[in-house]
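Next come the chains, spelled out residue by residue.
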Amino acid sequence: MSASPASDRAPVAGAGRPIDLRSDTVTEPTEAMREAMRMAVVGDDGLDGDPTVRELEAVGAAAMGKEDALFVTSGTMGNLVAALVHAGRGGEALVDEHAHVARSEGGGISRLAGLMCTAVRSRDGMMDLDALAASMRGDYSRHGAPTAMVVVETSHNHAGGRALPLPYLAAVSERARAAGAAVHIDGARIFNAALAQGVPPAAIAAFGDTVTFCLSKGLSAPMGSILAGSRDFVVRARSYRRMVGGGLRQAGCVAAAGLVALRDMLGRLADDHRRAHVLWASLRTPTPALVGNAPDTNIVLVHLGASNPGGATACAARLSARGILVRPRDADTLRIVIHRHIDDDAIRVAAAEIALATRSEH
């Protein structure tokens, strides 16, 4: 697939700006998005409803194969609102030990939704199914309240953009539902996962009672996420969204960009996956252990090893000085995210600079 038009790409290194590989959240809205935002038909979403928001919610629900959907300001808000609804039974949320909801969302599941968040041992973003089954509680006992929800994340951020296999999702869903627990899919990058697996996103979302996805990552909208589920779920979610400060007014101004994202931006995600693979292959050629397995989607993990002085933080600083922005995933690993502002030339430059910065003699 061809790259985005030059008018829709931010400048890259060599044109006055660094190559920014920190996240696909740095993407800027396209000109089509800016025009749609300017011309959006709006209303008070908290009173009579905003027509553009309602259209986005309908399109988002259809994409996930769900009855209804709710526009929220972020994926974190979507996950929190889902937890607030599912917490009606009280009890516990089971998540994999490296889940975004457990590591990067301020503890909202516990602090605001009142669910004890229990991390289940995992590998490559997948919970050990025996450990999951052992952690599941279907009723009240002397140990606590029943399991209210199980959260799965695909593609999985900490696991380097891993698209969780459908049989695994089916197994999690079967165990959760047997215990009467809801399944929530944190699908911030579900379109990337669907592309990697060659299935429509609804085929992934089918394993969850509810699902969130982001418009502001690789899809390039300036903000916003969609939370989808049954009609009854969304009625309750709308109330909780207001409780956590998400009551929206003329939100069609930003929802319009989300409609453009779903209409125009899904097809080009293949470019990001292809370029992530090119970067991985370039780094792997001299040092296979540096990058491990090929990426499923648009995220590449660079494993520095104990011999790299200063670890990931120092390596990121060396790269920043050379015009390459990356983020440490942990003490010895860099996370690199490809997005539409990164073209083939930027990949070549980044590969050379990363190879240099990760040499053990630095």
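Quick caveat: nothing in here was measured; it's all calculated off a predicted structure.

Chemist: I'm lost on empty space enclosed by the protein in this one. Help?
Modeler: Sizing a probe to match a water molecule and rolling it over the atoms shows the empty space that remains. A complete count under the given rule lists 1 cavity of 30 Å³ or more for this structure. Volume-wise, the largest cavity comes out at about 50 Å³. Ala188, Arg189, Phe191, Asn192, Cys214, Lys217, Gly218, Leu219 and Leu269 together form the lining of the largest cavity.

Chemist: What is the right way to look at the nonpolar core in this model?
Modeler: Counting 50 residues, the largest nonpolar core has Phe71 and Leu215 as its most contacted members. A per-element tally of this core places helix H11 (residues 252-264) first, with 7 residues. Contact partners of Phe71, with chain neighbours within four places excluded, come to Val53, Leu56, Glu57, Leu215, Gly224, Ser225, Ile226, Arg241, Leu248, Ala251, Val254 and Ala255. Ranked by size, the runner-up nonpolar core spans 27 residues in total, among them Ile19, Leu290, Ile342 and Ala346.

Chemist: It is not clear to me how the layout of surface pockets should be interpreted in this structure. Could you clarify?
Modeler: Taken as a whole, the largest pocket spans an internal volume of roughly 560 Å³. Lining the largest pocket we find 30 residues, and of these His100, Ser104, Asn157, Arg327 and Arg335 sit closest to its centre. Mapped by element, the contributors of at least two residues to the lining of the largest pocket are helix H3 (75-86), helix H4 (100-103) and strand E13 (327-330). Among the residues making up the lining of the largest pocket, the classes are represented as 5 nonpolar, 16 polar and 9 charged. Space inside the second largest pocket adds up to approximately 430 Å³. The wall of the second largest pocket is formed by 22 residues, among which Asp124, Ala159, Gly160, Asn293 and Leu301 lie closest to the centre. Elements with a minimum of two residues in the lining of the second largest pocket: strand E5 (122-123) and strand E11 (299-303).

Reading guide: rules and limits
- Residues numbered from 1 in each chain as written.
- Predicted model: local features only at pLDDT ≥ 70, side-chain atom pairs only at ≥ 80, totals over all residues.
- Heavy atoms only, no water.
- 1 Å grid on protein atoms, 1.4 Å probe; cavity = no way out; pocket = protein on both sides within 12 Å on 5 of 7 lines; lining within 4 Å.
- Points joined across faces, edges and corners; volume = space filled by probe spheres on them.
- Core = buried A, V, L, I, M, F, W, Y, C linked by side-chain atoms within 4.5 Å.
- Buried < 20%, exposed > 50% of the residue type's maximum accessible area, 1.4 Å probe, protein only.
- Helix = DSSP H or I, 4+ residues; strand = E, 2+ residues; numbered from the N terminus.
- Contact = heavy atoms within 4.5 Å.
- Nonpolar A, V, L, I, M, F, W, Y, C, P; charged D, E, K, R; others polar.

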